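Spelled out from the first residue to the last, the chains are:
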Amino acid sequence: MYKIIDGKKISQEIKDELREKAAQLKAAGESRCLAVIQVGADPASSVYVNNKKKACEYVGIESLSYSLPEETREEELLKLIGELNAKKSVSGILVQLPLPEHINEEKILLAISPDKDVDGFHPVSVGNLSIGRPGFVSCTPAGVIQLLKRSGIEIQGKECVVLGRSNIVGKPMAMLLLRENGTVTVCHSKTVNLREVTRRADILVVAIGKPKFIDESYVKEGTVVIDVGIHRDENNKLCGDVDFERVAPHCSAITPVPGGVGPMTIAMLMSNCVG
Ligand code: NAP
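Remember, it's a predicted structure, so these values are computed and weren't measured experimentally.

Colleague: Lay out the overall build of the protein chain in plain terms, naming residues and giving numbers.
Modeller: Across its full length, the protein chain carries 10 helices and 11 strands. Taking 2.2 N^0.38 as the reference for a compact globule, 275 residues should give roughly 19 Å; the C-alpha atoms of the protein chain span a radius of gyration of 19 Å, in line with that estimate. Principal axes of the C-alpha set define a box for the protein chain whose edges measure 55 × 45 × 40 Å. Buried residues in the protein chain amount to 47% of all 275 residues. By sequence separation, contacts in the protein chain at least 24 residues apart represent 69% of the contacts at least 6 residues apart.

Colleague: Account for the site of the ligand, naming residues and giving values.
Modeller: Close to the ligand lie 23 residues, the nearest being Arg 165, Ser 166, Ser 189, Lys 210 and Thr 265. In the model, a nitrogen atom of the ligand is placed 3.4 Å from a nitrogen or oxygen of the His 188 main chain. In this structure, an oxygen atom belonging to the ligand sits 3.3 Å away from a main-chain N or O atom of Ile 230. In isolation the ligand offers 930 Å² of accessible surface; the protein chains occlude 71% of this area. Residues belonging to the shell around the ligand are distributed by class as follows: 10 nonpolar, 10 polar and 3 charged.

Colleague: Let's hear about the nonpolar core: which residues, and what values?
Modeller: Residues Leu 34, Leu 148, Leu 177 and Met 270 are the most contacted members of the largest nonpolar core, which totals 49 residues. A per-element tally of this core places helix α10 (residues 262-274) first, with 8 residues. Discounting chain neighbours no more than four positions away, the residues touching Leu 148 are Ile 153, Ile 155, Leu 177, Ile 203, Val 224 and Ile 226.

Colleague: Before we move on, can you summarise unusual backbone geometry with the specific residues and values?
Modeller: At the junction of Leu 97 and Pro 98, the peptide bond is cis and its omega measures out at 0 degrees in the coordinates. Topologically, Pro 98 is positioned in the loop between β4 (92-95) and α4 (105-111). Residues Val 257 and Pro 258 are joined by a peptide bond in cis, for which omega reads 5 degrees. A positive phi angle is found at Asn 193, which is not glycine, with a value near 55 degrees. Among the secondary structure elements, Asn 193 is positioned in the loop between β6 (183-187) and α8 (194-198). For Asn 193, a relative accessible area of 47% puts it in the partly exposed group. Positioned with a positive phi, Lys 212 is a non-glycine residue whose angle comes to about 50 degrees. For Lys 212, the position within the fold is in the loop between β7 (203-206) and β8 (223-227).

Colleague: Lay out the packing of helix α1 (residues 7-27) against α10 with the relevant residues and their values.
Modeller: Orientation of α1 relative to α10, taken along the N-to-C sense of each, is 15 degrees, at an axis distance of 9 Å. With respect to each other, α1 and α10 are oriented roughly parallel. Crossing of α1 over α10 shows left-handed handedness. Between α1 and α10, the contacting residues are Gly 7, Lys 8, Ile 10, Ser 11, Ile 14, Lys 15, Leu 18, Lys 21, Ala 22 and Leu 25 on the first element and Pro 263, Met 264, Ala 267, Met 268, Met 270, Ser 271 and Val 274 on the second. Considered class by class, the residues forming the contact of α1 with α10 number 11 nonpolar, 3 polar and 3 charged.

Colleague: Could you give me a rundown of a nonpolar patch on the surface, with the residues and numbers involved?
Modeller: Taken together, the side chains of Tyr 48, Ile 230 and Leu 238 define a hydrophobic patch exposed on the protein surface, amounting to about 270 Å² of accessible area. Along the chain, Ile 230 turns up in the loop between β8 and β9 (231-232).

Scoring rules and cut-offs
- Residues numbered from 1 in each chain as written.
- Predicted model: local features only at pLDDT ≥ 70, side-chain atom pairs only at ≥ 80, totals over all residues.
- Heavy atoms only, no water.
- Helix = DSSP H or I, 4+ residues; strand = E, 2+ residues; numbered from the N terminus.
- Rg over C-alpha atoms; globule rule 2.2 N^0.38 Å.
- Buried < 20%, exposed > 50% of the residue type's maximum accessible area, 1.4 Å probe, protein only.
- Contact = heavy atoms within 4.5 Å.
- Near = heavy atom within 4 Å.
- Polar contact = N/O pair within 3.5 Å; in protein donor to acceptor, adjacent residues only side chain to side chain.
- Areas by Shrake-Rupley, 256 points an atom, 1.4 Å probe, with all protein chains shown as cover.
- Nonpolar A, V, L, I, M, F, W, Y, C, P; charged D, E, K, R; others polar.
- Core = buried A, V, L, I, M, F, W, Y, C linked by side-chain atoms within 4.5 Å.
- Axes fitted to C-alpha atoms, helices over the stretch in contact; angles between N-to-C directions.
- Parallel < 35°, antiparallel > 145°, perpendicular 65-115°, else oblique.
- Left-handed = near helix turned anticlockwise from the far one by under 90°.
- Patch = residues over 30% accessible without salt bridge, like charges linked within 9 Å, V, L, I, M, F, W, Y side chains within 5 Å.
- Salt bridge = Lys/Arg side-chain N within 4 Å of Asp/Glu carboxyl O.

Listed below in structure tokens is the structure:
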């Protein structure tokens, strides 16, 4: 029988721990404040931004919200980031992605001070992670590590296969598993004989952005499967990159969608904010 890794419960535990820590910091006169910038009114982004604000309220940290119109010029956004970088009372800055096409995303992420880069996307943060220095870590992969650890799943010495090599999920995921002494393989769209590689995994992390792509033919018996994907299926129901019904019976543990990795991303953002 497989175990369902409950991201909702684990993320709640983390937020409760952070709430206590934030209260202690406040009592010691150290406050935290997250500035969230949204450009345009993409409905999905608005939901994410709202959830981040709510999480800040729950944990007990301040949040500032900047909702800029779609036609905001790149220079205007850079100017705002510059002001927030200089503002002592602001400890974290987050620019909600995706940005409108006329704004260069890379330039914007580079403009955020690495000291306030709570999303962990700045090259300095990425570099720190690669060479094992402390620093902000991308929230979703950091959440996956917490799911594994808090479920008592050993990473050290395990064959870990990461499916996907994006800058925000796959690559930092691989670095984090390596930091935990896993033996890590990263797969992508040019990987040959994908099934052969994924079937080696003791821990398989799937982040390929394709609904229900992974079926039972990609996993070995008793593996741990972490599904990062989020999609709506043909019935408008949330699903992941993994076909849960077909894969779960072959696993020792698996994350569901929803209620697996999803809630962990915000919990880890809060962790980055509280420090
Ligand atoms: P992405 O940037 O689209 O990257 C997808 C990766 O999968 C790429 O590296 C791509 O390879 C690889 N890939 C695509 N098709 C493949 C195939 N047929 N075989 C092998 N590899 C393949 O996606 P992402 O931003 O990492 O996100 C992945 C998923 O996670 C999405 O569903 C996204 O919505 C979800 N997500 C969830 C959270 C959360 O909070 N739970 C956060 C972020 C993302 P190439 O590099 O060769 O193109």
